[in-house]
Amino acid sequence: MEGKGLQMDLRAFMDELQAETPADFVRIRKPVHPRFELTAVVAKLEQQRRRPLLYFERVEGTSFPVVCNLTASRTRLARAMRTTPAGLVQRYLQVLHEGVEPHRVDTGPVKQVILRDEQVNLLDLPQIVHHQEDAGPYVTAGIAIARDPDTGLNNASFNRMMIKGRNKGSLHLTTGKHLWEFYRRAESRNQPLEVALVIGVHPAVELGAVHTGSIQEDELKIMGSLLGKPLEVVRCETLDLWVPAHAEIVLEGVLLPHVREEEGPFGEFTGYALGTRPREIFQVQAIIHRRDAVFRDIAVGHADHLLLSSIPMEANLFRAVQAMIPSVTAVRIPAPFTAYISIQKRAVGQGVNAILAALGAELYLKWVVVVDHDIDVFDDRQVRWALATRVQPDRDVVILPNARGSDLDPSTLEDGVTSKIGIDATAHPSLEQFTPRHRVPPDLLDKIKLEDYL
Ligand code: MN
């Protein structure tokens, strides 16, 4: 593989991994079928609690090798962000303040192969069908880059794409999110929205794409912050958009106004395969890629997927809660639509304020549990203990009906309309004034040697 070291891209990251932690990089030479077999290898390994990066050299029906599990461990994500697993959220927050402008270059490796019009064929890509309930092959690691028709600001987001033909895909836009808003703005003027779908980049760039902040925040700058250097970008062949120059593959196309076609069902991060719905159509007019491009696949609903999305979400929630409660101590996303938040409560009422801040900051949240700082939110047993011993349901549960949530939540009656629940599991009125915990004197616990007794 070329392009070694100089640029922070997917292959530089894989080279680094092979050199420094070879057990974390597994090359599979046996040909695999894109229909279920690839995902089956990921799932089987996960049953054994193994999550190495998987490099499938030979995938039937395509010339592109496929990489899976790129972001399936906190250790690998920490490597990508030049920090430790424990420091991930704080590192993410630190870089959000910086915002490094992308660096425009004339050309880059992503333009080694340029396919236009009749040459475009999405069926040449790996036709990966992840789960048996899926409607067809999906591109799951596509980062959609688009520009706000009103402000000109960029947005980058992961959007699943169902492959529907040689030059046609269906893109899943999440209602209420930034790409959806851009599309609605373009559609109201009867205009198509230009979208570049970027596949195969450095994991720090992927983390930037999962950022869920304000529509005013440009994810390309966040990617640069996460990389620690400006993201090199080239202008698309057929669109007025700039994409990572060292990406593996870019699909250039437009979301057509006023056209919807059926998409799904598709097995999602929720653990459910969701039903068919009318979705926007992505008409692909050019494909650019590296000569020996690697196709990145996200094993949907597995560690690869869940970890990648939870770290930026934890960071975003930490920031939002901190704006209201400066003494917030930790945030964790333990399950879909759920956040655990710990705060050092300094005044009565801050538990509910933390709930409001969190629900206001993240569309997908449905459950928020707020605990005192003596509870470790990364330990489920401690959170359950706080729920059991510090909560009076009639006093501490807040329920907000008829809000917008995830349209991938199968429990909602209407498409994504949900009630939201917050539980203030902090001690009332304060931890200091609450019934004391019983404790064995800590100095005695330190001093005794079990071998003296057993
Ligand atoms: Mn955005």
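Residues numbered from 1 in each chain as written. Predicted model: local features only at pLDDT ≥ 70, side-chain atom pairs only at ≥ 80, totals over all residues. Heavy atoms only, no water.

**Observations regarding the pattern of salt bridges**
Should the charged atoms of two oppositely charged side chains come close, the side chains can pair.
Logical step 1: Taken as a whole and assessed by the stated rule, the structure comprises 39 salt bridges.
Logical step 2: Put simply, Asp-148 and Arg-185 hold a salt bridge, and the shortest N to O gap is 2.7 Å. Of this pair, Asp-148 sits in the loop between β7 (142-147) and β8 (154-158) while Arg-185 sits in helix α5 (residues 178-187); the two residues are 37 residues apart in sequence, bridging distant segments of the chain.
Logical step 3: Residue Glu-263 pairs with Arg-279 through a salt bridge whose shortest N-O separation is 3.1 Å. (Salt bridge = Lys/Arg side-chain N within 4 Å of Asp/Glu carboxyl O. Helix = DSSP H or I, 4+ residues; strand = E, 2+ residues; numbered from the N terminus.)

**What about the environment of Pro-109?**
Logical step 1: With respect to the helices and strands, Pro-109 occurs in the loop between β4 (103-104) and β5 (113-116).
Logical step 2: Residues Pro-109 and His-246, 137 residues apart in the sequence, show an inter-C-alpha distance of 5.6 Å.
Logical step 3: Beyond its immediate chain neighbours, meaning those up to four positions away, Pro-109 contacts Ala-245, His-246, His-289 and Arg-290. (Contact = heavy atoms within 4.5 Å.)

**What to know about the packing of helix α8 (residues 303-324) against helix α9 (residues 350-361)**
Logical step 1: Between α8 and α9, whose axes approach to 8 Å, the crossing angle comes to 135°. By the angle class used here, α8 and α9 are oblique. Considering the relative orientation of α8 and α9, their crossing is right-handed. Here Asn-316, Leu-317, Ala-320, Val-321 and Met-324 of α8 lie close against α9, whose contacting residues are Asn-353, Ala-354, Ala-357, Ala-358 and Ala-361. (Axes fitted to C-alpha atoms, helices over the stretch in contact; angles between N-to-C directions. Parallel < 35°, antiparallel > 145°, perpendicular 65-115°, else oblique. Left-handed = near helix turned anticlockwise from the far one by under 90°.)

**Remarks on the environment of Arg-277**
Logical step 1: Topologically, Arg-277 is positioned in strand β17 (residues 277-289).
Logical step 2: Each C-alpha atom of the pair Arg-277 and Arg-260 lies 9.1 Å from the other, and the pair is 17 residues apart in sequence.
Logical step 3: Contact partners of Arg-277, with chain neighbours within four places excluded, come to Glu-261, Glu-262, Glu-263, Asp-407 and Asp-415.

**Some points on the nonpolar core**
Logical step 1: Formed by 69 residues in total, the largest nonpolar core has its most connected members in Tyr-92 and Ile-341.
Logical step 2: Looking at this core, the element that brings in the most residues is α8, giving eight residues.
Logical step 3: Three or more residues apiece are contributed to this core by two domains, here domain 1 (83-292) and domain 2 (325-424).
Logical step 4: In this view, Ile-341 contacts Val-321, Val-328, Ala-330, Val-331, Ala-354, Ala-358, Val-368, Val-369, Val-370, Val-371 and Val-377; residues no more than four positions away in its chain are not counted.
Logical step 5: Judged by nonpolar contacts, the second largest core, of 40 residues, contains Ile-128, Ala-144, Ile-249 and Leu-255. (Core = buried A, V, L, I, M, F, W, Y, C linked by side-chain atoms within 4.5 Å. Buried < 20%, exposed > 50% of the residue type's maximum accessible area, 1.4 Å probe, protein only. Domains from an automatic or database assignment.)

**Quick notes on the coordination of the manganese ion**
Logical step 1: Distances from the manganese ion to its protein donors, namely Asn-155 (OD1), His-178 (ND1) and Glu-219 (OE), fall within the range 2.1 to 2.3 Å.
Logical step 2: Between the donor residues of the manganese ion, the gaps in sequence give the motif N-x22-H-x40-E. In this pair, Asn-155 sits in strand β8 while Glu-219 sits in helix α7 (residues 219-227), placing the two residues 64 residues apart along the sequence. No difference in accessibility class separates Asn-155 from Glu-219, as the two residues are buried. (Donors = N, O, S within 2.8 Å, 3.2 Å for Na, K, Ca; no water.)

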